[in-house]
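Coordinate analysis (summary)
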Amino acid sequence: MGIREFPGGAPRGKGIAIGMRRSPDVSPRRLSDISPQLRQLKYLVVDEAIKEDLKWSRSVEDLTSGPVGLTSIEERILRITGYYGYQPWATSYKREERPRDSPGPAEAQAPAGTEAGGRPSRRCWRCSRAQLKKIFWGLAVVLCVCASWAGATQLAKLTFRKFDAPFTLTWFATNWNFLFFPLYYAGHICKSAEKQSVKQRYRECCRFFGDNGLTLKVFFTKAAPFGVLWTLTNYLYLHAIKKINTTDVSVLFCCNKAFVFLLSWIVLRDRFMGVRIVAAILAIAGIVMMTYADGFHSHSVIGIALVVGSASMSALYKVLFKLLLGSAKFGEAALFLSILGVFNILFITCIPVILYFTKVEYWSSFDDIPWGNLCGFSVLLLTFNIVLNFGIAVTYPTLMSLGIVLSVPVNAVVDHYTSKIVFNGVRVIAIIIIGLGFLLLLLPEEWDVWLIKLLTRLKVRKKEEAAEGGADLGLGLQSKSRRARPSFTR
């Protein structure tokens, strides 16, 4: 076993550390020379590297299954190394003296992890207060994302009945992005212990663009392309709402998650995952079935093409952002989105003016514009983007993504009572397929490892319950046989 002798005469084996209680008349020597007067083996620790090499060994499996397995491997080591006179049952109570990690709330309340009968009790998994708080905030964020996205979609549909100008509505709503950095700075003043001036905070966030900060070259090379993609994403989405119902638009936009995966796999060389390929195939199949649901009419085909284009622009925006800029902190993201608003005001304003004078998007007078609908749509879209970009500070990203897919049934209920949508079998199946693909894309990269661990844990727990049940049954039969034994005393 590769036994080495360390200074002081204490022998140690490779991968096995053996701590022992010294007797006053016995000094530690080589393992082969230790006298049988050694009473107890106090600790037995198997190195992680050895455990990994012997992953499928029966001894290691027994080691992780409880005290019985630990005794089994200890006896084998004792036979190999020449330890005799060892009593395995003598270490069962010594194992309780070993220091452990800080117990959680569930472990701290148990006196020693035992029941009144002396058997080890089952573990009670309880969430800590921080986890409960994060889940609570997650539910609030899901409801906020779902309500703001569904509300913006329905309000845009209502606005087009009086104001048929999707690009002008896109331009008007994007101008509100300018408020991102002021709102972030207000939160910074309220929450941060070290308060900075606006100029200091701005300079610190400008480091996101490089050592020179936000220069004119950086503005046109790293901000302007994203401003164009942002405008195209929103314009194509709003133009599709004019062509088809909001349920189809919202469910088809969920395909952007699949497009993000495909682009990340090709451009960013992200890890290949079979389950995400399946999700992408489901998304494409859902798009085809959604087109078939209305009989391939030109009106619906154009609307579906517009939504797919919007989802593609959104995916391209996310992948290029990760490729060119990487990840951004909250202040940097707020500054970047405010810069997109400035770009929209400076360079996109000319397009609604051109569309107005060419009567592509024309309105007779400014009094006929439903300003309440326009402002309401802009506020809802701003709220959606704020929660989606900064909600990660209080909850899990997966919960935020669930809010987008939950907006589909909300839009379906509204469409059922306000429009003439027909939920035939093909449309329902397409909605379910796209929703399933979206949920598969939310699985983490290590989902298969977690699943194997969960199944293994359940299997071990089932074996422990079966062993406890067998022990209880044996005790019951013994007591019953004692009671039934006849007495010959008079």
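Residues numbered from 1 in each chain as written. Predicted model: local features only at pLDDT ≥ 70, side-chain atom pairs only at ≥ 80, totals over all residues. Heavy atoms only, no water.

**What to know about the overall build of the chain**
The condition that has to hold: Only DSSP runs of H or I reaching four residues or more are called helices, and only runs of E reaching two or more are called strands; each is numbered from the N terminus. Only protein chains enter the calculation, and the probe is 1.4 Å; a residue is then buried if its accessible area is under 20% of its type maximum, exposed if over 50%, and partly exposed in between. Any two residues whose heavy atoms approach within 4.5 Å are treated as being in contact. Computed with a 1.4 Å probe, the accessible areas rest on the Shrake-Rupley method; for each residue, only the protein chains presented here act as cover.
The helix and strand tally for the chain stands at 19 helices and 4 strands. Within the chain, buried positions represent 37% of all 490 residues. In the chain, 76% of the contacts between residues at least 6 apart in sequence involve partners at least 24 apart. By element, 63% of the accessible surface of the chain is carried by carbon and sulfur atoms, the whole surface being about 30000 Å².

**Some remarks on the environment of Gly303**
Position of Gly303 among the secondary structure elements: in helix α13 (residues 298-324). On a C-alpha basis, the gap between Gly303 and Tyr237 in space is 9.0 Å, while along the polypeptide they are 66 residues apart. When near neighbours in sequence (up to four residues on either side) are disregarded, Gly303 contacts Ala240, Lys243 and Ile244.

**Quick look at the nonpolar core**
Just so we agree on the cut-off: To qualify as a nonpolar core, a set must consist of buried Ala, Val, Leu, Ile, Met, Phe, Trp, Tyr and Cys residues joined through side-chain atoms within 4.5 Å.
Leu238, Leu252 and Phe377 are the most contacted members of the largest nonpolar core, which totals 58 residues. Once residues lying within four places of it in the same chain are set aside, the contact partners of Leu252 are Ile287, Met290, Ile304, Val307, Ala311 and Ile434. Among the nonpolar cores identified, the runner-up in size contains 30 residues, and Leu229, Tyr317, Ala334 and Phe343 belong to it.

**What about unusual backbone geometry?**
The backbone of Lys359 shows a phi angle near 60°, a positive value even though the residue is not glycine. By the secondary structure assignment, Lys359 is in the loop between α15 (350-357) and α16 (371-390).

**Considering the confidence of the model for the chain**
Reading predicted coordinates in detail is not appropriate for stretches of low pLDDT. Counted only if it meets this: Each residue carries a pLDDT score, the predictor's own confidence in it, on a scale running from 0 to 100.
The pLDDT averaged across the chain works out to 75; a share of 69% of its residues lies at or above 70. Per-element confidence in the chain is highest for helix α6 (residues 166-175), whose mean pLDDT is 95, and lowest for helix α4 (residues 105-109), whose mean pLDDT is 33. Predicted confidence is poor over residues 37-46, with pLDDT under 50, and the contacts of this stretch with residues over four places away or in other chains come to 40 contacts. Of the regions scoring below 50 in pLDDT, residues 54-71 engages in 20 contacts with residues more than four places distant in sequence or in other chains.

**What to know about the packing of aromatic side chains**
Each aromatic ring pair is summarised here by two numbers: the centre-to-centre distance and the angle between the ring planes. Inclusion rule: Side-chain rings of Phe, Tyr and Trp (the six-membered ring for Trp) are treated as a pair once their centres are within 6.5 Å; stacked means planes under 30 degrees apart, edge-to-face means over 60, and tilted covers the remaining angles.
Tallying each qualifying case throughout the model produces 31 aromatic pairs. Consider the rings of Tyr317 and Phe321, whose centres lie 6.5 Å apart with planes at 20°: the pair is stacked. Placement of both Tyr317 and Phe321 in helix α13 is noted, with a separation of 4 residues, approximately one turn of the helix. Accessibility classification places Tyr317 together with Phe321 in one group, the buried group. A connected cluster of aromatic rings, assembled from ring pairs, spans Phe208, Phe209, Phe226, Trp230, Tyr317, Phe321 and Phe336.

**Overview of the environment of Val251**
With respect to the secondary-structure elements, Val251 resides in helix α10 (residues 246-253). Look at Val251 and you get buried, because its relative accessible area is 2%. Along the backbone, Val251 and Ala412 are 161 residues apart, and their C-alpha atoms lie at a distance of 9.8 Å. What Val251 contacts, discounting residues up to four positions off in sequence, is Met290, Val408, Ile431 and Ile434.

**A few points about the pattern of salt bridges**
Two side chains bearing opposite charge may form a pair once their charged atoms approach each other closely. Where we set the bar: A pairing counts as a salt bridge when a side-chain nitrogen of Lys or Arg comes within 4 Å of a carboxyl oxygen of Asp or Glu.
Under the criterion given, the structure shown has 3 salt bridges. In this structure, the salt-bridge partner of Asp164 is Lys242, at a minimum N-O distance of 2.7 Å. Here Asp164, found in the loop between α5 (129-159) and α6, pairs with Lys242, found in helix α9 (residues 216-243); they are 78 residues apart in sequence, far enough to count as distant. Here Arg201 ties to Glu204 by a salt bridge, and the two come within 3.4 Å at their closest N and O atoms. With a gap of 3 residues between them, Arg201 and Glu204 both fall in helix α8 (residues 198-206), about one helical turn apart. Taking the relative accessible area as the measure of exposure, Arg201 reaches 14% and is therefore buried.

**Quick look at a nonpolar patch on the surface**
The cut-off we apply is this: To count toward a patch, a residue needs a relative accessible area above 30% and no salt bridge. Like charges then connect within 9 Å, nonpolar side chains (Val, Leu, Ile, Met, Phe, Trp, Tyr) within 5 Å.
Among the surface-exposed residues, Trp265, Ile266, Val267, Phe272, Leu323 and Leu324 lie close enough to one another that they form a single nonpolar patch of about 570 Å² accessible area. Contributing elements (two or more residues each) for the nonpolar patch: α11 (256-267) and α13. The dominant element in the nonpolar patch, judged by the number of residues it contributes, is α11, at 3 residues. Within the secondary structure, Phe272 sits in the loop between α11 and α12 (274-293). Judged by relative accessible area, Phe272 falls into the partly exposed class, the value being 48%.

**Here's the deal with the side chain of Asn177**
Position of Asn177 relative to the elements: it lies in the loop between α6 and α7 (180-191). In this structure Asn177 touches Trp230, Leu337, Ser338, Leu340 and Gly341, once residues within four positions along its chain are discounted.

**Remarks on α10**
Test applied: Polar contacts, as counted here, are pairs of nitrogen or oxygen atoms within 3.5 Å of one another; within protein the pair requires one atom able to donate a hydrogen and one able to accept it, and residues that are adjacent in sequence qualify only if both atoms are side-chain atoms.
In terms of burial, α10 is a largely internal element, 8 of the 8 residues being buried. Listing the buried residues of α10 in full gives Thr246, Thr247, Asp248, Val249, Ser250, Val251, Leu252 and Phe253. Looking at where α10 begins, the residue whose side-chain oxygen comes 3.3 Å from the main-chain nitrogen of Thr247 is Asn245.

**A short note on the packing of α6 against helix α14 (residues 330-348)**
Each packed pair of helices is defined by two parameters, the angle between the axes and the distance between the axes. Note the threshold: In this analysis, axes come from line fits to C-alpha atoms, helices being fitted only over the stretch in contact, and the angle between any two N-to-C directions falls in the range 0 to 180 degrees. Geometric relationships in this document are graded by angle, where less than 35 degrees denotes roughly parallel, more than 145 denotes roughly antiparallel, 65 to 115 denotes roughly perpendicular, and other angles denote oblique. Lys, Arg, Asp and Glu make up the charged group, whereas Ala, Val, Leu, Ile, Met, Phe, Trp, Tyr, Cys and Pro make up the nonpolar group; the residues left over, Gly among them, are polar.
α14 packs onto α6 with a crossing angle of 135° between their chain directions and a minimal axis gap of 8 Å. Between α6 and α14, the angle falls in the class oblique. Two secondary-structure elements touch here, α6 through Phe167, Trp171, Thr174 and Asn175 and α14 through Gly341, Asn344, Ile345 and Ile348. In the contact of α6 with α14, the residues fall into 4 nonpolar, 4 polar and no charged.

**Concerning the side chain of Thr231**
Mapping Thr231 onto the fold places it in helix α9. Here Thr231 falls in the buried class, since its relative accessible area comes to 6%. Among the polar contacts listed, one links the side chain of Thr231 to the backbone oxygen of Gly227, at a separation of 3.0 Å. Once residues within four sequence positions are removed from consideration, Thr231 is found in contact with Phe167, Thr170, Asn344 and Ile348.

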